[in-house]
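An overview of the molecular structure
Next come the chains, spelled out residue by residue.
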Amino acid sequence: MLVLAVDTATPAVTAGLVRVDDRGEPGTAGIETLAVRVTDNPRAHAEVLTPQILECLSSTGHTPADLDAVVVGVGPGPFTGLRVGMATAAAFGDALGVPVHGVCSLDAIAADVRGADGAGSVACGDGSGSVACGDGSGDLLVVTDARRREVYWARYSGGARIEGPGVCRPADLKAEPSQRIAGSRPHVGLFELPAHPVATPSPAGLVAVAAADLLAGVEPEPLVPLYLRRPDAVETADRKKK
């Protein structure tokens, strides 16, 4: 199964092609990254995402018609950037007649951490809103930039999300009981926890979260963005009215 994976929930504009194969064992899958393009520019989501997708296809000798599914990070993330990735993913799915699976971008970062721990080929996600993938290697806190001096966050234990996603100031987010942290580099340093180098979702991490549903042929839920708060423009307009 050839899967296009995209994420624009962070300053990184991420696109990639991933091959997913059923290993024949319940809850497991082989995940192979064929191509990746990443541009770290929070103002370039709309300009570079589609060209990156086409570059991934071209570099691997594929065309859009070869895609079997699309996986997209649905946040949490800022309004403008997040909707670019989701709209692009939906457009590809609609044009090609393939399913589009939305996954929490923080879950994808957690899956990448597990992959680096040696559990990256264990694919999970049961459609329940939580994700379990591998056995984990210590409780994990994932944080990304929410702007306004805040962070998006989620907490994982035993390979499953147990809290979040949420948004708050770093000072209001306790490090405990997490034993390590991953995500936005400027923000992981605000917590007294060992930092894992995974900073943004990879195509493999995105697909790992959805792999079980992909292989089972589960009909994806409608795409719903995880904004967690109103757009900056709305907040600014409300403040001017007061």
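Note that the structure is a prediction, hence the values are computed from the model and not measured.

What follows covers the overall build of the protein chain. Along the protein chain, the regular secondary structure elements total six helices and nine strands. Residue burial in the protein chain is summarised as follows: out of 242 residues, 49% are buried. Taking as baseline every contact in the protein chain between residues at least 6 positions apart, the subset at least 24 positions apart corresponds to 65%. For the protein chain, the computed accessible surface area is about 11,000 Å², with 52% contributed by carbon and sulfur atoms.

Per the stated rule, a full pass over the model turns up one aromatic pair. With 4.9 Å between their ring centres and 45° between their planes, F79 and Y227 make a pair best called tilted. Of the two residues, F79 sits in helix α2 (residues 79-96) while Y227 sits in the loop between α5 (203-216) and α6 (232-241), which places them 148 residues apart along the sequence. Given a relative accessible area of 29%, F79 falls into the partly exposed group.

Here α5 contains 14 residues, and its C-alpha end-to-end distance of 19 Å stays within 8% of the 20 Å for a straight helix at 1.5 Å per residue. At A210, α5 shows its strongest bend, of approximately 60°. Turning to α5, its buried residues are P203, G205, L206, V207, A208, V209, A210, A211, D213 and L214. Downstream of α5 by a residue or two, G217 has a phi angle that is positive, lying close to 70°.

Before going further, it helps to examine helix α1 (residues 45-59). For α1, spanning 15 residues, the distance from its first C-alpha to its last is 21 Å, which sits close to the expected 21 Å at 1.5 Å a residue. Those residues of α1 lying buried are H45, V48, L49, Q52, I53, C56 and L57. Buried positions along α1 lie against β1 (2-7), β2 (12-22), β3 (29-40) and α2. Just downstream of α1 lies G61, where phi reads positive at about 75°.

Taken as a whole and judged by the stated rule, the model has six salt bridges. With a closest N to O distance of 2.6 Å, D117 and R180 form a salt bridge. Here the residue D117 occupies a position in helix α3 (residues 105-119), and R180 occupies one in strand β9 (residues 180-183), the gap between them amounting to 63 residues.

The subject of this paragraph is the sheet that holds β1. As summarised here, the arrangement of the five strands in space is β3-β2-β1-β4-β5, forming an open sheet in which the pairing is mixed. For this open sheet the edge positions go to β3 and β5 (100-103), each flanked by a neighbour on one side alone. Each strand of the sheet is rotated relative to its neighbour by a mean of 20°, with strand direction disregarded. Relative to β2, β1 runs antiparallel, the two being bridged by six bridges. For V6, the partnering residue across the bridge sits in β2 and is A15. Lying over the sheet, α1 contacts β1, β2 and β3, oriented at roughly 35° with respect to β2. Across the sheet, α5 lies against β1, β2, β3, β4 (69-73) and β5, angled at about 40° from β2, the strand it touches most.

All right, on to the pairing of β4 then. For a regular strand, the rule is simple: side chains alternate between the two faces of the sheet. Of all five residues in β4, five are buried, a share of seventy percent or more. Burial of the side chains of β4 extends over both faces: A69, V71 and G73 are buried on one face and V70 and V72 on the other. One ladder, built from four bridges, connects β1 with β4; its direction is parallel. Directly across from V3, in β4, lies its bridge partner A69. Pairing of β4 with β5 involves four bridges; the strand directions are parallel. Paired with V70 across the two strands is V100, which belongs to β5.

Looking now at the pairing of strand β7 (residues 150-157). Of all eight residues in β7, six are buried, a share of seventy percent or more. Adjacent in sequence and paired antiparallel, strand β6 (residues 140-147) and β7 are bridged by two residues, among which R148 carries a positive phi angle near 50°. From the end of β7 to the start of strand β8 (residues 160-168), which pair antiparallel, there are two residues, and G158 there has a positive phi angle of about 60°.

This part takes up the confidence of the model for the protein chain. Interpretation of the predicted coordinates at a detailed level should be avoided for regions scoring low in pLDDT. Mean pLDDT over the protein chain: 88, with 85% of residues reaching 70 or higher. Across residues 119-136, confidence stays below pLDDT 50; counting only partners more than four residues off in sequence or on other chains, it has 53 contacts. A low-confidence stretch, residues 233-242 stays under pLDDT 50, and its non-local contacts, those more than four residues away or across chains, total three contacts.

What counts, and at which threshold
Residues numbered from 1 in each chain as written. Predicted model: local features only at pLDDT ≥ 70, side-chain atom pairs only at ≥ 80, totals over all residues. Heavy atoms only, no water. Helix = DSSP H or I, 4+ residues; strand = E, 2+ residues; numbered from the N terminus. Buried < 20%, exposed > 50% of the residue type's maximum accessible area, 1.4 Å probe, protein only. Contact = heavy atoms within 4.5 Å. Areas by Shrake-Rupley, 256 points an atom, 1.4 Å probe, with all protein chains shown as cover. Phe/Tyr/Trp six-rings, centres within 6.5 Å; stacked < 30°, edge-to-face > 60°. Expected span 1.5 Å × (residues − 1). Bend = angle between axes of the 7 residues up to and from the residue. Salt bridge = Lys/Arg side-chain N within 4 Å of Asp/Glu carboxyl O. Pairing = 2+ DSSP bridges. Axes fitted to C-alpha atoms, helices over the stretch in contact; angles between N-to-C directions. pLDDT = per-residue confidence, 0-100.

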